[in-house]
Amino acid sequence: MDRAVVVVAAGSGTRLGVGTAKAFVPVAGRLVLARALEPVFALPEPTLVVVVAPASLLDACHEVVASVAGAAAAYTAVVPGGADRHASVEAGLAVLPDSVTTVLVHDAARCLTPAAQFTRVFDAVATGDGAGFVPALPVTDTVKRVDGDVVAETVDRSALVGVQTPQGFPLAALRTAYSVSGQAETDDAGVFAAAGGTVRVVPGDADAFKITTPWDLGRAESIVRSRTGAPDGVRIGLGLDVHAFDDASPCRVGLLDFPGEAGLSGHSDGDAVAHAVCDALLSAGGLGDIGGTFGTSDPAYAGAAGDVFVRGAVGMLASVGLVPVSVTVQVVGNRPRIGARRAEMQDALAAVVGAPVAVSGTTTDGLGSTGRGEGLAAIATALVRPL
Ligand code: CTP
Ligand code: MG
C-alpha cells in the first residue's frame with residue numbers, strides 16, 4: 001500500500017473544556033473521532049490509516065477505529081501521541097512502512113471534512129512534483145495588524161488564506177523535514193516549508209473547520225443535524241377519525257362552532273378534527289390512542305369538547321418528556337366548509353397544542369361515506385421532540 005493517512009487525535013481539548021479528550025467528545029451522538037474517520041474509510045483507493053490517540057485512551061481508540069474501518073481494519077494502526085501536535089505527527093509517521101510514498105496528515109478535530117477534500121489532496125500530491133499540498137480558503141474578514149490595542153495597519157487579505165487539513169506530502173520528504181525541524185511550526189506545511197519544501201494550495205471546504213471551542217462544537221452539531229434533516233429524538237405520529245352526521249347535535253369541528261350545520265354523533269362532541277389531532281399526538285409519543293386512553297364510554301367524557309382530549313394528549317406527552325413541534329390536519333368531507341375559517345381553526349388548535357397547526361380540507365369527489373355526505377373524517381400528523 002503506497003498511500004496513508006495519519007489522523008492526529010491525541011490532543012486534550014483544553015479550549016473545548018468538556019473534560020474529555022476532544023476526539024472522544026460526541027457530535028450529535030457520534031464521537032468526533034468516528035466522524036473524522038468516516039471519510040477516510042470511504043476513500044476508494046486502498047489506504048493505510050494510522051490514528052494517534054491519547055496514551056490513556058488507546059483501547060477506546062482501537063474500538064472506534066475497528067467499528068468505522070469494518071473490513072479495512074487490517075490496514076490500521078493506533079499509536080500513542082506526544083506532548084504537542086508536532087510530537088503526535090512524528091509518532092504517526094514513525095510507524096508507516098516504507099512502501100508508503102504519499103501521506104496525508106489530518107486533524108481529528110476537523111471531523112466534518114468531506115471525503116472529496118482527501119481525494120483532492122491525494123490527487124494533487126500524485127502530480128505535484130514533490131511539493132506539499134494544503135487545503136485553503138480565502139480570508140473573508142478584513143485583517144488588521146495590531147500593536148497592543150492600536151491598529152497598526154490593514155493587511156492585504158487578497159494574498160491571505162486560512163489553511164486546513166488533510167495536508168499531503170511525499171512521505172520521505174516530510175519525514176526528513178520533521179527530523180530537522182524545531183517545534184515552532186503549527187502545521188505540517190510549516191515544517192515542510194521550513195526544511196525547504198514547496199507547499200501549494202488546493203481548495204478547502206467550509207465544513208473542514210476545526211472544532212476548538214464550545215461554539216465550534218455547536219456549529220458541528222447543527223451541520224450534522226441539517227444533513228440528517230431531523231434533530232435527535234424527533235418522532236412523528238398519525239391519527240384518523242370519522243364521525244357520522246347527527247342533525248340533533250350542534251356542529252363542532254376543529255374546536256369551532258359551525259351554527260346551522262349538521263353536528264357529528266359520538267360519545268363526546270364528535271369533533272373528528274380534534275380527535276385526529278389527539279390520536280396523532282398520542283401515537284407520536286407511542287402512547288396508544290384516544291379510545292384506549294380516555295375511554296369511548298367513560299361518563300367523564302360524555303359530550304366533552306375536543307380540546308379536552310388534545311390538552312390531555314399534550315399533557316401525556318409532557319409526562320414522557322416530549323413536546324409537540326408541529327401538527328397538520330386534513331378535514332375530509334363535503335360540509336362544513338372550512339376554507340373561510342381555516343386561520344381561525346388553526347389558531348384555536350395551536351393554542352391547545354402549543355405548536356403550529358396547519359389545517360387543510362378536501363372532498364372525496366362524491367365517493368365513499370364522506371362523499372355521500374354521511375359523515376366527516378379527519379387525518380392528522382404530529383411531530384414531537386424531546387423537551
Ligand atoms: N493533537 C495531537 N496531539 C497533541 C495535541 C494535538 O494529536 N499533543 C491533535 C488534536 O487531537 C487535534 C489536532 O491535533 O485533532 C489539532 O489540535 P487542537 O485543535 O489544538 O486540539 P487540542 O490540542 O486537543 O485542543 P486544545 O489546544 O484546546 O487543548
Ligand atoms: Mg492544541
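Heads up: the structure comes first, above all this text.
Below is a short write-up of the structure. All values reported here derive from a predicted model rather than from experimental measurement.

Criteria and thresholds
Residues numbered from 1 in each chain as written. Chains lettered and ligands numbered in written order. Predicted model: local features only at pLDDT ≥ 70, side-chain atom pairs only at ≥ 80, totals over all residues. Heavy atoms only, no water. Phe/Tyr/Trp six-rings, centres within 6.5 Å; stacked < 30°, edge-to-face > 60°. Helix = DSSP H or I, 4+ residues; strand = E, 2+ residues; numbered from the N terminus. Buried < 20%, exposed > 50% of the residue type's maximum accessible area, 1.4 Å probe, protein only. Lys NZ or Arg CZ within 6 Å of the ring centre and 35° of its normal.

**Structural notes on the packing of aromatic side chains**
(1) Moving on: As enumerated under the stated definition, the model contains two aromatic pairs in all.
(2) Moving on: Relative to F192, the ring of F169 has its centre 4.9 Å away and its plane inclined at 45 degrees; by these criteria the two rings are tilted. Of this pair, F169 sits in strand 11 (residues 167-170) while F192 is found in helix 6 (residues 188-194), placing the two residues 23 residues apart along the sequence.
(3) Moving on: A residue is classified by how much of its surface remains accessible, and F192, at 4% relative accessible area, is buried.
(4) Moving on: For the ring pair F294 and F309, a centre distance of 5.3 Å and an interplane angle of 75 degrees mean the geometry is edge-to-face. Placement of the pair is F294 in helix 9 (residues 290-294) and F309 in helix 10 (residues 306-319), with a sequence separation of 15 residues. By the burial criterion, F294 is buried, and F309 matches it.
(5) Moving on: The ring centre of F122 lies 3.7 Å from the NZ or CZ of R3, which sits over that ring.
(6) Moving on: The ring of F209 is capped by R219, whose NZ or CZ atom sits 3.9 Å from the centre of that ring.

**Quick notes on unusual backbone geometry**
(1) Moving on: Along the chain, T165 connects to P166 via a cis peptide bond; the corresponding omega equals 5 degrees.
(2) Moving on: Structurally, the position occupied by P166 is in the loop between strand 10 (161-163) and strand 11.
(3) Moving on: Note that the residue after R335, namely P336, is joined by a cis bond; omega there is -10 degrees.
(4) Moving on: Mapped onto the elements of the fold, P336 is located in the loop between strand 17 (322-332) and helix 11 (342-353).
(5) Moving on: Phi at A28 takes a positive value of approximately 45 degrees, unusual for a residue other than glycine.
(6) Moving on: Looking at where A28 falls in the secondary structure, it is placed in the loop between strand 2 (26-27) and strand 3 (30-31).
(7) Moving on: For A28, a relative accessible area of 13% corresponds to the buried category.
(8) Moving on: Here D365, not a glycine, exhibits a phi torsion of approximately 55 degrees, which is positive.
(9) Moving on: Here D365 is to be found in the loop between strand 18 (357-362) and helix 12 (368-371).
(10) Moving on: Assessed through its relative accessible area of 71%, D365 is described here as exposed.

Worth remembering: the numbers are spatial, not functional.
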